[in-house]
Amino acid sequence: MEYLDFELPIKELEEQLDKCVVLGSESEIDVSDTCKQLEKKLEKTKKDIYKNLTAWQRVQLSRHPSRPYTMDYIEAICGDTFLELHGDRNVKDDKAMIGGLGKIGDQTYMFIGQQKGYNTKTRQYRNFGMANPEGYRKALRLMKMAEKFGIPVVTLIDTPGAYPGIEAEERGQGEAIARNILEMTRLRVPIIVLIIGEGASGGALGIGVGDRVLMLENTWYSVISPESCSSILWRSWEYKEQAAEALKLTAADMKKLHLVDDIVKEPLGGAHSDRGTTFKIVEEKIHEVYEQLKKLSPTDLVKKRMDKYSKMGVYSG
């Protein structure tokens with residue numbers, strides 16, 4: 001288990017509790033009362049820390065190395081029903097963007113999302129979750145396939161942004177993202193968007209237009225990362241915490257600004273602290289939202305989606 005800086009008090013208490021349990025098992029000393037006191041103190045410390053997280057601390061949690069990624073969710077929710085589909089039929093298969101068909105119960109969904117790596121080798125293979133234009137074109141191809149067969153779309157967002165390299169620009173990165181946004185607004189099947197980690201810039205928006213946009217509790221969604229914002233405004237990364245607060249990028253901020261529809265609660269300590277419970281919560285939420293959306297006709301779906309996005313950014317003083 002890896003701990004972030006603000007989680008160190010939890011680490012100390014967990015280590016004390018482990019030592020207490022070992023002492024009790026290896027000797028005849030009764031340490032049950034001490035263990036119970038440590039458990040209570042640990043629970044209280046966790047609640048105090050996680051209920052008062054700053055925007056920057058939530059950004060850190062969204063990037064936790066043990067946090068589940070897109071394929072973790074798909075494999076846990078769909079099991080062996082998931083069939084991955086590859087390629088954009090133009091350039092190549094982008095490994096940072098994955099997609100395919102999978103079932104929750106008896107309902108088939110088209111799952112699409114950015115995938116990060118677990119170690120140096122797989123991070124390079126997945127391009128750190130930063131998709132090239134062919135990744136967004138693959139995503140659009142799969143969405144169009146889902147539309148053709150009347151299959152609802154679920155997108156899972158977790159990216160530090162679209163790949164900004166020269167070759168990506170040469171192949172039309174901006175156009176690919178813009179095309180996806182346009183086509184998703186008028187796709188005639190339900191679209192459920194779930195932000196499971198980082199939701200940065202156009203890289204997130206390229207698969208982020210939906211009938212329902214949901215954010216896990218410890219995720220962020222913004223036009224720019226706190227570090228990049230800090231480097232532009234203050235010419236230094238040192239002000240990333242201030243930038244995170246100013247950007248209003250947390251799930252609570254997004255909900256308050258009506259930019260997302262709902263916040264999905266995570267287990268105490270974050271999604272990585274209890275993966276099984278997190279997967280179950282997400283699975284139930286997808287099912288619940290689809291049950292609401294499937295009652296709408298394709299025409300009503302598109303109209304409501306258009307109306308929803310048309311209202312964003314309207315301000316009355």
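The coordinates are above.
Our subject in this report is the structure included herewith. (Residues numbered from 1 in each chain as written. Predicted model: local features only at pLDDT ≥ 70, side-chain atom pairs only at ≥ 80, totals over all residues. Heavy atoms only, no water.)

A short note on the packing of helix H4 (residues 70-78) against helix H13 (residues 275-293)
Line of reasoning, step 1. Orientation of H4 relative to H13, taken along the N-to-C sense of each, is 75°, at an axis distance of 10 Å. Between H4 and H13, the crossing angle belongs to the class labelled roughly perpendicular. Within the contact between the two elements, H4 uses Asp 72, Tyr 73, Ala 76 and Ile 77 and H13 uses Arg 275, Thr 278, Phe 279, Val 282, Glu 283 and Ile 286.
Line of reasoning, step 2. Across the contact of H4 with H13, the residue classes break down as six nonpolar, one polar and three charged. (Axes fitted to C-alpha atoms, helices over the stretch in contact; angles between N-to-C directions. Helix = DSSP H or I, 4+ residues; strand = E, 2+ residues; numbered from the N terminus. Parallel < 35°, antiparallel > 145°, perpendicular 65-115°, else oblique. Contact = heavy atoms within 4.5 Å. Nonpolar A, V, L, I, M, F, W, Y, C, P; charged D, E, K, R; others polar.)

Concerning the nonpolar core
Line of reasoning, step 1. Counting residues in each nonpolar core, the largest one holds 32 residues, and the members touching the most others are Met 110, Ile 112, Met 143 and Val 153.
Line of reasoning, step 2. For this core, the secondary-structure elements that each account for two or more residues are strand S3 (107-114), helix H6 (133-148), strand S4 (153-159), helix H8 (173-185), strand S5 (191-200), strand S6 (212-216) and helix H12 (251-256).
Line of reasoning, step 3. By residue number, the principal contributor to this core is H6, which donates five residues.
Line of reasoning, step 4. If you look at the next biggest cluster of nonpolar residues, it comprises 26 residues, including Met 71, Tyr 73, Leu 156 and Ala 271. (Core = buried A, V, L, I, M, F, W, Y, C linked by side-chain atoms within 4.5 Å. Buried < 20%, exposed > 50% of the residue type's maximum accessible area, 1.4 Å probe, protein only.)

Re the packing of helix H10 (residues 226-234) against helix H11 (residues 240-247)
Line of reasoning, step 1. Interaxial distance between H10 and H11 falls to 8 Å at its minimum, and their mutual angle equals 105°. When the axes of H10 and H11 are compared, the pair comes out roughly perpendicular. Residues Pro 226, Glu 227, Cys 229, Ser 230 and Trp 234 of H10 lie in contact with H11, whose contacting residues are Lys 240, Gln 242, Ala 243, Ala 244 and Leu 247.
Line of reasoning, step 2. Of the residues assigned to the contact of H10 with H11, the class counts are six nonpolar, two polar and two charged.

Remarks on the packing of aromatic side chains
Line of reasoning, step 1. Inspection of the entire model under this criterion finds five aromatic pairs.
Line of reasoning, step 2. Ring centres 5.9 Å apart and planes at 50° place the aromatic pair Tyr 109 and Phe 111 in the tilted group. One exposure class covers both Tyr 109 and Phe 111, and it is buried.
Line of reasoning, step 3. Taken together, the aromatic side chains of Tyr 109, Phe 111 and Tyr 290 make up a single cluster linked through ring pairs. (Phe/Tyr/Trp six-rings, centres within 6.5 Å; stacked < 30°, edge-to-face > 60°.)

Considerations on the side chain of Thr 219
Line of reasoning, step 1. Looking at where Thr 219 falls in the secondary structure, it is placed in the loop between S6 and strand S7 (220-222).
Line of reasoning, step 2. You can call Thr 219 buried: its relative accessible area is 0%.
Line of reasoning, step 3. At 2.7 Å, the side chain of Thr 219 forms a polar contact with the backbone oxygen of Leu 216.
Line of reasoning, step 4. Those residues in contact with Thr 219 that sit more than four places away from it in its chain are Ser 62, Arg 67, Ile 195, Ile 196, Gly 197, Leu 249, Thr 250, Ala 251 and Glu 266. (Polar contact = N/O pair within 3.5 Å; in protein donor to acceptor, adjacent residues only side chain to side chain.)

Here we look at the pattern of salt bridges
Line of reasoning, step 1. Enumeration over the complete set of coordinates arrives at 24 salt bridges.
Line of reasoning, step 2. A salt bridge links Glu 147 to Lys 144; the nearest nitrogen and oxygen atoms lie 3.6 Å apart. Residue Glu 147 and its partner Lys 144 are both found in helix H6; the two are separated by three residues, about one turn of the helix.
Line of reasoning, step 3. Looking at Glu 147, the relative accessible area reads 22%, which means it is partly exposed.
Line of reasoning, step 4. Across the pair Arg 179 and Glu 175 runs a salt bridge whose closest N-O atoms are separated by 3.5 Å. Here Arg 179 pairs with Glu 175, and both are found in helix H8, just four residues apart, close to one helical turn.
Line of reasoning, step 5. The class of Arg 179 is partly exposed, set by a relative accessible area of 37%.
Line of reasoning, step 6. Taken together, the shared-partner salt bridges in this structure form one network comprising Arg 137, Lys 144, Glu 147, Glu 175, Arg 179, Glu 183 and Arg 186. (Salt bridge = Lys/Arg side-chain N within 4 Å of Asp/Glu carboxyl O.)

Things to note about the side chain of Glu 7
Line of reasoning, step 1. Tracing the backbone shows Glu 7 in the segment before helix H1 (8-26).
Line of reasoning, step 2. For the buried residue Glu 7, which engages in no salt bridge, the nearest side chain bearing the opposite charge is Lys 46, 8.6 Å off.
Line of reasoning, step 3. Of note is the side chain of Glu 7, whose polar atom sits 2.8 Å from the backbone nitrogen of Leu 4.
Line of reasoning, step 4. Excluding residues within four positions of it along the chain, Glu 7 makes contact with Glu 2, Tyr 50, Leu 61, His 64, Gly 269 and His 272. (Lys, Arg positive; Asp, Glu negative; His and termini not counted.)

With respect to the pairing of strand S2 (residues 97-104)
Put simply, side chains in a regular strand alternate between the two faces of the sheet.
Line of reasoning, step 1. Of all eight residues in S2, six are buried; the element is thus mostly enclosed.
Line of reasoning, step 2. Summarising the sheet, S2 and S3 pair through eight bridges and their orientation is antiparallel. The residue of S3 that forms the bridge with Ile 98 is Gly 113.
Line of reasoning, step 3. If you look at the hairpin formed by S2 and S3, you'll find two residues sitting between the two strands, and Gly 105 has a positive phi there, around 65°. (Pairing = 2+ DSSP bridges.)

Considering helix H14 (residues 298-310)
Line of reasoning, step 1. For H14, built from 13 residues, the straight-helix expectation of 18 Å at 1.5 Å per residue is met to within 8% by its first-to-last C-alpha distance of 18 Å.
Line of reasoning, step 2. Within H14 the residues assigned to the buried category are Leu 301, Val 302, Arg 305 and Lys 308. Looking straight down H14, one finds that the buried residues subtend no more than 130° of arc, so they occupy a single side. Exposed side of H14, more than 90 degrees from the buried face: Lys 303 and Ser 310 are the residues found there.
Line of reasoning, step 3. Elements in contact with the buried residues of H14: H8, S5, S6 and H13. (Expected span 1.5 Å × (residues − 1). Arc of directions from axis to C-beta.)

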